Amino acid sequence: MSENNYSIYICGVGGQGIIKTSTIIGEAVMNEGYNVVMSEIHGMSQRGGSVSTELKIGDFKSSILENHTADMILGFEPSEVIRGLHKANKDTYLVFNTTPIVPAQLASSKQSYPNVDFMINSLKQNFNNVHPVDGNAYAKEAGSMLSLNMALLGSAVAVKSFPISKDLIIEAMKNNLKEKFHKMNIKAFELGYNAVKQ
Amino acid sequence: MGYEQLVNGKKGDKLFLLGNEAAVRGAIEAGLSVAATYPGTPSSEIGNILSVIAKDAGIYFEFSTNEKVAMEVAATSAVSGLRSFTFMKHVGLNVAADSFVTTGYSGVKGGMVILVADDPSVFSSQNEQDTRNYARLANIPVLEPSNPQEVKDMMVYGFNLSEELEIPVIIRTTTRVSHMRGIVEFGDIQKQNGKESENHWNTGHFDKNPEAYVPVPANSAGMHERLVDKIDDFSKKSAKSEFNKIITTSENAKIGVIASSSAFNYVYDVVNEDNIEANFLKLGLSYPAPNDLILDFIKDLDQIFVVEEVDPIIERDVLLVIGLNGLSIPVHGKIDGTFPKIKEFNCDIVRKGLSKVLGYETEKRCFAKTEDLNKIIENLPGRAPTLCAGCSHRATYYAVKQALKEAKISQDDVIFASDIGCYTLGINAPYREADYLLSMGSSIGDGCGFSVSTDQMVMSFIGDSTFFHSGVAPLINGAHNKHKFIVTVLDNRITAMTGGQPNPGMPIDGMGDEAPEISIRELAKASKASFVRVVNPLNLKQTVDTYKKAFENDGVSVIIAKSPCTLIKGFHKKPPVHVNYDKCTNCDTCINELACPAISKINDKIVVNQSMCTGCSICMQICQYGGFEQAQE
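Note that this is a predicted model, so its numbers are computed, not measured. (Residues numbered from 1 in each chain as written. Chains lettered and ligands numbered in written order. Predicted model: local features only at pLDDT ≥ 70, side-chain atom pairs only at ≥ 80, totals over all residues. Heavy atoms only, no water.)

1. Let's talk about the overall build of chain A
- Counting secondary structure elements, chain A contains seven helices and six strands.
- The linear arrangement of helices and strands in chain A, starting from the amino end, is β-α-β-β-β-α-β-α-β-α-α-α-α.
- Over its C-alpha atoms chain A spans a radius of gyration of 16 Å, differing by no more than 12% from the 16 Å that the globule rule assigns to 198 residues.
- Overall, the C-alpha framework of chain A stretches about 50 × 40 × 40 Å when taken along its three principal axes.
- Out of the 198 residues in chain A, the part that is buried amounts to 64%.
- Long-range contacts, defined here as pairs at least 24 residues apart, represent 63% of the contacts in chain A between residues at least 6 apart.
- A total accessible area of about 7,600 Å² is found for chain A, and carbon and sulfur atoms account for 47% of it.
- When the 18 positive and 18 negative side-chain charges of chain A are each reduced to one mean point, those points stand 6 Å apart. (Helix = DSSP H or I, 4+ residues; strand = E, 2+ residues; numbered from the N terminus. Rg over C-alpha atoms; globule rule 2.2 N^0.38 Å. Buried < 20%, exposed > 50% of the residue type's maximum accessible area, 1.4 Å probe, protein only. Contact = heavy atoms within 4.5 Å. Areas by Shrake-Rupley, 256 points an atom, 1.4 Å probe, with all protein chains shown as cover. Lys, Arg positive; Asp, Glu negative; His and termini not counted. Charge placed at Lys NZ, Arg CZ, Asp CG, Glu CD.)

This is the structure:
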């Protein structure tokens, strides 16, 4: 992967604010002067189903990540990170929320939801940059679960490889979120940021 | 970004836009006056945005009853001199096709663009048909944008071209173009056609000319001839279109790649990354095919790759040019199996095809994982979409099962004809109330057929918006031809699956103004259904009893299960339900038979997710132990 390119795969469950988060990153990238393309899936894929977006920063035309080329996977839900691992290589930064959302169908099926600590440990054994984050706690502390996506965005921005400055991201956040919620969202963002910043 | 920027943005402004947002800006720049649609993924956001900004942009906008009506609203506006725009998902064009195919015959005066969003890989559709076939069927030019900037630019180009040729123009997107976000630079806004009127949009004028506009046999042969001549003539000029371009990366390249739409993006990235010495012909205006340009590009090549989604259409055009000119150059595409004929492409799929033909090794990127992780991946539970917590469709499906049980009718003996909407999710366990489906409105026509051809009981399920879209005509058919089946109209007071657009059953129109509310009950009565009832599906006993009565009815029964979608703006949530653990026996009936996403079992205890629960109380009504309780409002 070339020096100026950066690919992010963002995944989670419908309704978690994934598209908004991705748009904020994309807009910040544009304001920084880089090229950026992004892919999102709407429609039937929502209603509690898995949702993902893909962002490619740099000299790309296509907006879908090739397998095993993500520089970062930002997961809003731990099992969705597992589902997205076909996009990862050993050096991919895995930043993800540790609170599970158990699929509704699971209760009446024979499958079970994997143990979260076991998932985290397995990921750490296989990948070099694993950052589990208690995003729900930060969102709650900031004032509302609705700020979960901004807490996780903060964590993503804090990792070493992330190509865009914190200030530009916050500027794009303000441009995309209702003003009366700026304070709460920035608080969530900072909590998520500090949790990962070394 | 606020949508007002799409109206107020100035030339040179750069925004990070969705393909569908870029389409709206393109329409505004082109001086659009009238737009009509029926919502359908992946084109729906265009209508959602227009409904918000239409008045500020001087545009008349409506959510039409179906795509055919939308096509007719656009065609008549364009023939009256205004610029008009209709847009739909690919299967929407099937509905509109009867009028669409004749729009080339009668032509337009103002520019008319038909944006059709295909859905390769069927993310949210019933098939992956390729709209470009329709362009050939109807002799209508087709543009294929690859990214949001091209969507915007081709909208403007398409309107200008349509006005120049005096026929409509198709813009064919795919899910990955409509739902791609990219940087879009704005252009100038052109003046609208027509003259100012007392409305917020300009008015045009229809100049009568029955010979040109009424395709009775005496006229239509001549209309067809004029259209064919026009397209033949234009095919010589399409080579010069700014959207058909040769991209030369190496003067000596003997490999040529011809590609369009999102497929161009993938092959361009792979050729660059894998250092393949190849030049490109990017086709943005792919019908009529620019034969001269294709010949010019291919004549000195050793081999050609054609990369397109879904059908091998450009590929056949290329083979035609080869045949007509007596050339002998191998063409690698879908016909020789280099690339698949189904689903959307991506870089990995394109690389597989290229490397197989060119015989180069691809980088092995996958790596060995630990056994633990492989096990987690293998056993990972799926996460399919579900009906929302509190969704009244769930209550209806439950009530139907319950009524069948009480009437001692086995569910296996009932054919459930389903339709297109959120409620198609009734196919899933534990409901399993979807056995057959063809298209919008088909549940009622299918009910007619099954009731004639089998001795099984038939129940059709259709949403309110889908009923207005194409359910009324088959209902009339059912009553008139004395069929016997039960239609349930799942009236959740919105077009839900596509994101909550109004429909004729609501007292509001596409621009947010008051509008007459059309009664489904009165339509059913006027159609001579012999049993018509409106029920509140959140009242389980009433609903079950009504179905049991319908089972006794001889003829067409219509049950309108009326209860608003929980995603509607302003939906009134009731206090959430909680579990009384003194009464809950852990029988798991709620989980096994209701499968509400707000109810789960954690550490062997039934738990209700308090933020998800809407207080619909269906779980309270089904629990025979009184294990659920709800606070008073």
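What follows continues from the structure just given.
2. Points about the packing of aromatic side chains
Residues and elements named next belong to chain B.
- Scanning the model with the defined rule gives 21 aromatic pairs over all chains in all.
- For the pair Tyr397 and Tyr431, a centre-to-centre distance of 6.1 Å together with 25 degrees between the ring planes defines the contact as stacked. Of this pair, Tyr397 sits in helix α16 (residues 392-406) while Tyr431 is found in the loop between β15 (414-417) and α17 (442-453), placing the two residues 34 residues apart along the sequence.
- Since its relative accessible area comes to 0%, Tyr397 is described here as buried.
- Among the residues examined, Tyr431 registers a relative accessible area of 4% and is labelled buried. (Phe/Tyr/Trp six-rings, centres within 6.5 Å; stacked < 30°, edge-to-face > 60°.)

3. As for the sheet that holds strand β6 (residues 129-133) of chain A
- Overall, mixed pairing links the eight strands, which are arranged β6(A)-β5(A)-β4(A)-β1(A)-β3(A)-β2(A)-β8(B)-β1(B) in an open sheet. Only two strands of the sheet have a single partner each, and these edge strands are β6 of chain A together with β1 (14-18) of chain B. Each neighbouring strand pair of the sheet contributes to a mean axis angle of 20 degrees, computed without reference to strand direction. (Pairing = 2+ DSSP bridges. Axes fitted to C-alpha atoms, helices over the stretch in contact; angles between N-to-C directions.)

4. Section: empty space enclosed by the protein
All names here are of chain B.
- Tallied over the full model, the rule gives five cavities of 30 Å³ or more.
- Its boundaries defined by the atoms lining it, the largest cavity holds a volume of some 130 Å³.
- In terms of lining residues, the largest cavity is bounded by 18 residues, among which Gly390, Cys596, Cys613, Cys616 and Cys619 are the most central.
- For the lining of the largest cavity, the secondary-structure elements that each account for two or more residues are α16 and α23 (618-622).
- Grouping the constituent residues of the lining of the largest cavity by class yields 13 nonpolar, four polar and one charged. (1 Å grid on protein atoms, 1.4 Å probe; cavity = no way out; pocket = protein on both sides within 12 Å on 5 of 7 lines; lining within 4 Å. Points joined across faces, edges and corners; volume = space filled by probe spheres on them. Nonpolar A, V, L, I, M, F, W, Y, C, P; charged D, E, K, R; others polar.)

5. Brief notes about the pairing of strand β7 (residues 169-174) of chain B
All names here are of chain B.
- Most of β7 sits inside the fold, with six of its six residues counted as buried.
- Judged by which residues are buried, β7 turns out to be covered on both faces: Val169, Ile171 and Thr173 on one side and Ile170, Arg172 and Thr174 on the other are all buried.
- With six bridges connecting them, strand β5 (residues 112-118) and β7 associate as parallel partners. Bridge pairing in β7 links Leu115 to Ile171.
- Alignment of strand β6 (residues 142-143) against β7, held across two bridges, turns out to be parallel. Paired with Leu143 across the two strands is Ile171, which belongs to β7.

6. Description of the packing of helix α2 (residues 19-29) of chain B against helix α3 (residues 44-53) of chain B
All names here are of chain B.
- Contact geometry of α2 with α3 gives a least axis separation of 8 Å together with a crossing angle of 50 degrees. Classified by the interaxial angle, the pair formed by α2 and α3 is oblique. Two packed elements cross with a definite hand, and for α2 against α3 that hand is right-handed. Mapping the contact onto sequence places Asn20, Glu21, Ala23, Val24 and Ile28 in α2 and Ser44, Glu45, Ile46, Ile49, Leu50 and Ile53 in α3.
- Per-class residue counts for the contact of α2 with α3 are seven nonpolar, two polar and two charged. (Parallel < 35°, antiparallel > 145°, perpendicular 65-115°, else oblique. Left-handed = near helix turned anticlockwise from the far one by under 90°.)

7. Remarks on a positive patch on the surface
- A cluster of basic residues, Lys20, Lys178 and Lys180 of chain A together with Lys569 of chain B, forms a positive patch at the surface.
- With respect to the helices and strands, Lys178 of chain A occurs in the loop between α6 (166-176) and α7 (182-196).
- Classification of Lys178 of chain A as exposed rests on a relative accessible area of 60%. (Patch = residues over 30% accessible without salt bridge, like charges linked within 9 Å, V, L, I, M, F, W, Y side chains within 5 Å. Salt bridge = Lys/Arg side-chain N within 4 Å of Asp/Glu carboxyl O.)

8. Considering the interface of chain B and chain A
- Contacts between the two partners involve 55 residues from chain B and, on the opposite side, 65 residues from chain A.
- Carbon and sulfur atoms supply 61% of the area that chain B and chain A bury against each other, a total of about 5,200 Å² over both sides.
- For the chain B face of the interface with chain A, the top three residues by lost area are Phe16, Phe367 and Arg383 of chain B, together amounting to 17%.
- One can count five salt bridges joining chain B with chain A.
- With a closest N to O distance of 2.8 Å, Arg365 of chain B and Glu66 of chain A form a salt bridge.
- Inspection of the chain B/chain A interface yields 17 residue pairs in polar contact (both at pLDDT 80 or more).
- Secondary structure elements with two or more residues in the side of chain B that touches chain A: β1, α8 (175-178), β8 (180-185), α11 (261-273), α14 (347-358), α15 (371-378) and α22 (589-594) of chain B.
- At six residues, α11 of chain B tops the list of elements feeding residues into the side of chain B that touches chain A. (Buried area = accessible area lost by both parts, 1.4 Å probe. Polar contact = N/O pair within 3.5 Å; in protein donor to acceptor, adjacent residues only side chain to side chain.)

9. Quick word on the nonpolar core
Residue and element names in this part refer to chain B.
- If you look at the biggest cluster of nonpolar residues, it comprises 75 residues, and the most contacted ones within it are Met459, Val487, Tyr547, Val558, Ile599 and Phe628.
- Ranked by residue count, the leading element in this core is α16, at seven residues.
- Both domains that furnish three or more residues to this core are identified here as domain 3 (392-562) and domain 4 (577-630).
- Setting aside its immediate chain neighbours within four residues, Met459 contacts Val400, Val414, Ile415, Phe416, Ala417, Ile486, Tyr547 and Phe551.
- If you look at the next biggest cluster of nonpolar residues, it comprises 72 residues, including Met88, Ala97, Phe234 and Met511. (Core = buried A, V, L, I, M, F, W, Y, C linked by side-chain atoms within 4.5 Å. Domains from an automatic or database assignment.)

10. Details of the packing of helix α5 (residues 90-106) of chain B against helix α10 (residues 217-237) of chain B
Residues and elements named next belong to chain B.
- Relative orientation of the contacting elements α5 and α10 amounts to 80 degrees, with a least axis distance of 8 Å. In terms of axis orientation, α5 runs roughly perpendicular to α10. On α10, the residues that touch Gly104, Tyr105 and Ser106 of α5 are Ser220, Met223, His224 and Leu227.

11. Focus on the domain arrangement of chain B
Residue and element names in this part refer to chain B.
- According to the domain assignment, chain B contains domain 1 (4-203 + 211-238), domain 2 (241-358), domain 3 (392-562) and domain 4 (577-630).
- Domain 1 and domain 3 are separated by 33 Å when their C-alpha centres are compared.
- Each partner contributes to the roughly 1,300 Å² buried at the junction of domain 1 and domain 3, and carbon and sulfur atoms together form 60% of this total.
- Seen at the junction of domain 1 and domain 3, the total is one salt bridge.

12. Let's talk about the pattern of salt bridges
- Under the definition given, this model contains 37 salt bridges over all chains.
- The shortest N-O distance in the salt bridge between Arg351 of chain B and Glu66 of chain A comes to 2.5 Å. Here Arg351 of chain B is found in helix α14, whereas its partner Glu66 of chain A is found in the loop between β3 (50-57) and β4 (72-75) on a different chain.
- In this structure Glu66 of chain A comes out as buried when scored by relative accessible area, which is 5%.
- Between Glu80 of chain A and Arg83 of chain A there is a salt bridge, with the nearest N and O atoms lying 3.0 Å from each other. With Glu80 of chain A and Arg83 of chain A both in helix α2 (residues 78-83), this residue pair falls three residues apart, about one helical turn.
- The buried category is assigned to Glu80 of chain A, whose relative accessible area is 2%.
- What makes Arg83 of chain A partly exposed here is its relative accessible area of 27%.
- Salt bridges here are not isolated pairs; linked through shared partners, they connect Glu66 of chain A together with Glu273, Asp274, Arg351, Glu363 and Arg365 of chain B.

13. Quick word on the environment of Lys254 of chain B
All names here are of chain B.
- Within the element layout of this structure, Lys254 appears in the loop between β9 (244-247) and β10 (255-259).
- Here the alpha-carbon distance between Lys254 and Gly627, two residues 373 residues apart in the chain, equals 75 Å.
- Not counting residues up to four positions away in its chain, the partners in contact with Lys254 are Asp300, Leu301, Asp302 and Gln303.
- Within polar-contact distance, the side chain of Lys254 engages the backbone oxygen of Asp300 at 3.0 Å.

14. A few points about the side chain of Thr86 of chain B
All names here are of chain B.
- Position of Thr86 relative to the elements: it lies in strand β4 (residues 84-89).
- Residue class for Thr86 comes out buried when judged on its relative accessible area of 0%.
- Once residues lying within four places of it in the same chain are set aside, the contact partners of Thr86 are Ala36, Ala70, Met71, Ala74, Met112, Val113, Ile114 and Leu115.

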